Amino acid sequence: FLLENGCNLTSRDKFGNSALLYATQHMKHEDVFILIKFMKFNEIKEKEIFIDFCHICNKKQEIIALHILQSFPSIIYYKDSLSYNMTCLICACKNGLINIVKELINKNVYLNQTDNRKLTAFMYACMNSKNNECLQLLIDNNIDIIRSDETGKTPLMYTFIPTVENGGIKRAQKHFNLYTC
């Protein structure tokens, strides 16, 4: 009823949350999909959708993020101005959302795009100890595995950063040969 009567779908609270983000927390997926369809029908600015996409990725809600990506395919060209200029691929790799990464690769997204600290999606995937499938997928698609960030850290160095919390050393040892090829 509210949607049909012109409620503002793009307004945000003081924390940056939109109606879509609240819906993802309190509604069934099917109902969120209806909201996304309504947003597309009403030509909501894709920049607004992109911001929500990044938040939804951070909450690891892969099914909803994938639906957004399929409904608004041009968001792959945006960068998040609120958070280090991350791309869709960086958000997906950072959060281990392998199906989103596959979808983006199928859409021929530029794999070596960096954020404003010169970190690539591959570096973010290296920080995530549960991302071995994502790492392999990126390597199989010829991502630059030797590029360094603005401080000189390489992807291999990023595998060691989560050592205490997430078992980074074991993963780094497992993938060491991939990085040194």
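Each remark here, short or long, concerns the structure printed above.
Residues numbered from 1 in each chain as written. Predicted model: local features only at pLDDT ≥ 70, side-chain atom pairs only at ≥ 80, totals over all residues. Heavy atoms only, no water.

## Regarding the overall build of the protein
The line we're drawing: Per the convention used, a helix needs a DSSP run of H or I reaching at least four residues, while a strand needs a run of E reaching at least two, with both numbered from the N terminus. Burial classes follow relative accessibility: with a 1.4 Å probe on protein chains only, a residue under 20% of its type's maximum area counts as buried, one over 50% as exposed, and anything between as partly exposed. Only heavy atoms matter for contacts: two residues are in contact if any of them lie within 4.5 Å across the pair. The method behind every accessible area is Shrake-Rupley, applied with a 1.4 Å probe, and residues are considered shielded solely by the protein chains displayed.
Per the secondary structure count, the protein includes 11 helices and zero strands. Tracing the protein from N to C terminus, the helices and strands come up as α-α-α-α-α-α-α-α-α-α-α. Each of the 181 residues in the protein was classed as buried or not, and the buried ones make up 46%. Taking the contacts inside the protein whose residues are at least 6 apart along the sequence as the reference set, 65% of them involve residues at least 24 apart. As presented, the protein carries roughly 9,900 Å² of accessible surface, and 54% of it is formed by carbon and sulfur atoms.

## Remarks on the environment of Q70
For Q70, the position within the fold is in helix α4 (residues 62-71). For the pair formed by Q70 and I100, sequence separation is 30 residues and the distance between their alpha carbons is 9.9 Å.

## Details of the nonpolar core
What counts, and what does not: Only buried residues count toward a nonpolar core. Its members are Ala, Val, Leu, Ile, Met, Phe, Trp, Tyr and Cys residues joined through side-chain atoms within 4.5 Å.
F53, I68, I75, V101, L104 and L138 are the most contacted members of the largest nonpolar core, which has 51 residues in total. Those elements that provide at least two residues to this core are α1 (19-26), α2 (29-41), α3 (46-58), α4, α5 (88-94), α6 (98-106), α7 (121-127) and α8 (132-140). Contacts of F53, omitting those with residues within four sequence positions, involve A65, I68, L69, I75, C88 and I100.

## Concerning the packing of α3 against α4
Rule in force here: Only C-alpha atoms enter the line fits that serve as axes; for helices the fit covers just the stretch in contact. Angles between N-to-C directions range over 0 to 180 degrees. Note on terminology: angles under 35 degrees are roughly parallel, angles over 145 are roughly antiparallel, angles of 65 to 115 are roughly perpendicular, and the others are oblique. Should the near helix be turned anticlockwise from the far one by less than a right angle, the crossing is termed left-handed; should it be turned clockwise, right-handed. Classification convention: Asp, Glu, Lys, Arg as charged; Ala, Val, Leu, Ile, Met, Phe, Trp, Tyr, Cys, Pro as nonpolar; all other residues, Gly among them, as polar.
Two elements in contact, α3 and α4, have axes whose closest approach is 9 Å; the angle formed by their N-to-C orientations is 155 degrees. In this view, α3 runs roughly antiparallel relative to α4, as classed from their interaxial angle. Note on packing geometry: the crossing formed by α3 with α4 is left-handed. Residues I49, F53, I56 and C57 of α3 lie in contact with α4, whose contacting residues are I64, A65, I68 and L69. Partitioned by chemical class, the residues of the contact of α3 with α4 number eight nonpolar, no polar and no charged.

## Digging into the side chain of D115
Just so we agree on the cut-off: N or O atoms within 3.5 Å of each other form a polar contact, as long as, within protein, one can give a hydrogen and the other can take it, and as long as residues adjacent in sequence are counted only when both atoms are side-chain atoms.
Mapping D115 onto the fold places it in the loop between α6 and α7. Of note is the side chain of D115, whose polar atom sits 2.8 Å from the backbone nitrogen of R117. Among the polar contacts made by the side chain of D115, one reaches the main-chain amide nitrogen of L119 at a distance of 2.9 Å.

## Examining the pattern of salt bridges
Just so we agree on the cut-off: Any Lys or Arg side-chain nitrogen found within 4 Å of a carboxyl oxygen on Asp or Glu counts as a salt bridge.
Summed over the entire model, instances satisfying the criterion amount to four salt bridges. Residue K102 pairs with E133 through a salt bridge whose shortest N-O separation is 3.7 Å. With a gap of 31 residues between them, K102 in helix α6 and E133 in helix α8 connect regions that are remote in the sequence. What makes K102 partly exposed here is its relative accessible area of 34%. Here D144 makes a salt bridge to R147, at a shortest N to O gap of 3.6 Å. Residue D144 is classed as partly exposed on the basis of its relative accessible area, which comes to 23%.

## So, α3
As a reminder of what qualifies: The length a helix should cover is 1.5 Å for every residue beyond the first.
Helix length check: α3, at 13 residues, gives a terminal C-alpha distance of 18 Å against a target of 18 Å (1.5 Å per residue), a fit within 8%. Listed in full, the buried residues belonging to α3 are I49, F50, I51, D52, F53, C54, I56 and C57. One or two positions beyond α3, positive phi appears at K60, with a value near 60 degrees.

## Points about the packing of α6 against α8
Remark: α6 packs on α8, axes separated minimally by 10 Å, with the N-to-C direction vectors making an angle of 10 degrees. Relative to α8, the element α6 is oriented roughly parallel. Across the interface between the two elements, I98, V101, K102 and I105 of α6 pack against E133, C134, L137 and L138 of α8. Grouping the constituent residues of the contact of α6 with α8 by class yields six nonpolar, no polar and two charged.

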